[in-house]
Amino acid sequence: MGYQSIEYGVEDHVATITLNRPEALNALTDDMLGELGDAVHHAGRDAAVRVLVLTGKGRGFCSGQDLRSLNAQPGERDIGRHLDQYYHPLILRLAALEKPTIAMVNGVAAGAGMSLALACDMRVAAEEARFTQAFVRVGLVPDSGSSHFLPRLIGYARALEMAMTGMIVDSHTALAWGLVNRVVPSEQLAEETYKLAQALAGGPPLALGMIKREIAYGASQPLAAALEREKDFQIRAAATADHREAVTAFFAKRPPVFEGR
Ligand code: T3D
């Protein structure tokens, strides 16, 4: 796709975006953020893509905003505009993608790099992975969705401790806290991640997209509203060919083949 600071590929219905600035632990530059946003958009529009995997090249997942740009003098750089222009559309696009997303966390995830991992639906981490809300260590506050995702995943007290101390959380603690879905030895990271990705890619695409929206909605809405949303989506799911195929396959004692309609 002609990208310079990321790699993008699709195989067996799974798109993979690899952040590719390993010398800086994949710190995010404007070019990289632009390419990342474009690739997520592309994955969303490509009917052949059913699952998106996001990972980093080298020993880091993503070390957040490239700190060189934060060296600017006060007034030289408009952080609010920067967030509006790059981070917010990217995080919103990732979260709104009606396809499952998996962060394959190969190494450290810091600052907005951790936010990126949190904005994915699931996280599979290598044992070497570490997580830090590094913002506070450079005198900043959580951004790029961390304040939204983190307390929902690990609870208020732990989220505050991470955000206020910038502590580095290892992969096993991350698993115990519910920050990641599973931790595997690094040599099995790709295998385990793509096993999960393939399982999801074999699922009913329309239902998976609705499940993603339903769970996000249900996590923040009163029970009565969640019940209404479930009903609305269930009516739509029940009308799909994939639902009929699944029931037929069940009685035929064969695996279903889903077509996304
Ligand atoms: O601009 C806006 O719109 C605001 C948005 C802000 C969002 C944010 O993300 S703010 C937070 C930015 N990130 C950080 O503060 C993290 C900085 N990095 C670290 O604290 C550490 O590197 C890690 C804890 C992530 C990993 O530590 P370690 O010891 O494993 O690696 P290291 O030796 O520190 O880093 C390796 C190299 O990567 C090193 O370069 P060198 O010395 O080998 O040439 C280091 O400078 C570089 N690197 C790491 N993080 C960044 C980076 N270079 C630029 N920007 C980085 N964020």
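Residues numbered from 1 in each chain as written. Predicted model: local features only at pLDDT ≥ 70, side-chain atom pairs only at ≥ 80, totals over all residues. Heavy atoms only, no water.

**Quick word on the layout of surface pockets**
In this approach the atoms are scanned with a rolling probe the size of a water molecule, which exposes any empty space left behind.
Step number 1: Looking at the largest pocket, its volume works out to about 930 Å³.
Step number 2: Lining the largest pocket are 34 residues, and of these C120, D121, F149, K212 and A216 sit closest to its centre.
Step number 3: Elements with a contribution of two residues or more to the lining of the largest pocket: helix 2 (79-96), helix 3 (112-119), strand 7 (122-126), helix 4 (146-154) and helix 8 (205-218).
Step number 4: The leading source of residues in the lining of the largest pocket is helix 8, at 7 residues.
Step number 5: Each residue belonging to the lining of the largest pocket can be placed in one class, and the counts come to 20 nonpolar, 7 polar and 7 charged.
Step number 6: Mapping the lining of the largest pocket onto the domain boundaries places at least three of its residues in each of domain 1 (6-201) and domain 2 (205-252).
Step number 7: There is about 520 Å³ of room inside the second largest pocket.
Step number 8: Surrounding the second largest pocket, 30 residues form its lining, S63, G64, Q65, L67 and V138 being those nearest its centre.
Step number 9: Sorting the residues of the lining of the second largest pocket by element identifies helix 2, strand 6 (108-110) and strand 8 (130-132) as the ones contributing at least two each.
Step number 10: A per-element tally of the lining of the second largest pocket places helix 2 first, with 4 residues.
Step number 11: Residue classes in the lining of the second largest pocket are distributed as 18 nonpolar, 6 polar and 6 charged. (1 Å grid on protein atoms, 1.4 Å probe; cavity = no way out; pocket = protein on both sides within 12 Å on 5 of 7 lines; lining within 4 Å. Points joined across faces, edges and corners; volume = space filled by probe spheres on them. Helix = DSSP H or I, 4+ residues; strand = E, 2+ residues; numbered from the N terminus. Nonpolar A, V, L, I, M, F, W, Y, C, P; charged D, E, K, R; others polar. Domains from an automatic or database assignment.)

**With respect to the site of the ligand**
Step number 1: Around the ligand, a shell composed of 25 residues is seen, among which S63, L67, R77, H82 and A112 lie nearest.
Step number 2: Within the side chain of R59, one N or O atom sits 2.9 Å away from an oxygen atom of the ligand.
Step number 3: Between the ligand and A112 there is a distance of 2.9 Å, counted from an oxygen atom to a backbone nitrogen or oxygen.
Step number 4: In a pocket analysis with a 2 Å cut-off to the grid points, the ligand is assigned to the second largest pocket.
Step number 5: Looking at the shell around the ligand, the elements that each hand over two or more residues are helix 2 and strand 6.
Step number 6: Of the residues forming the shell around the ligand, the biggest block, 3 residues, is contributed by helix 2. (Near = heavy atom within 4 Å. Polar contact = N/O pair within 3.5 Å; in protein donor to acceptor, adjacent residues only side chain to side chain. Sits in = over half its atoms within 2 Å of the grid points.)

**A short note on the domain arrangement of the protein chain**
Step number 1: Assigned domains within the protein chain: domain 1 (6-201) and domain 2 (205-252).
Step number 2: With centres defined by C-alpha atoms, the gap from domain 1 to domain 2 works out at 27 Å.
Step number 3: With 11 residues of domain 1 at the interface, the matching set in domain 2 holds 6 residues.
Step number 4: Taking both sides of the interface into account, the surface hidden between domain 1 and domain 2 amounts to around 610 Å²; carbon and sulfur atoms contribute 57%.
Step number 5: For the interface between domain 1 and domain 2, the tally reads 2 salt bridges.
Step number 6: The salt bridge partner of K212 is D121, with a shortest N-O separation of 3.0 Å.
Step number 7: Scanning the region where domain 1 abuts domain 2 turns up 5 residue pairs in polar contact (both at pLDDT 80 or more).
Step number 8: A per-class count over the side of domain 1 that touches domain 2 returns 5 nonpolar, 1 polar and 5 charged. (Contact = heavy atoms within 4.5 Å. Buried area = accessible area lost by both parts, 1.4 Å probe. Salt bridge = Lys/Arg side-chain N within 4 Å of Asp/Glu carboxyl O.)

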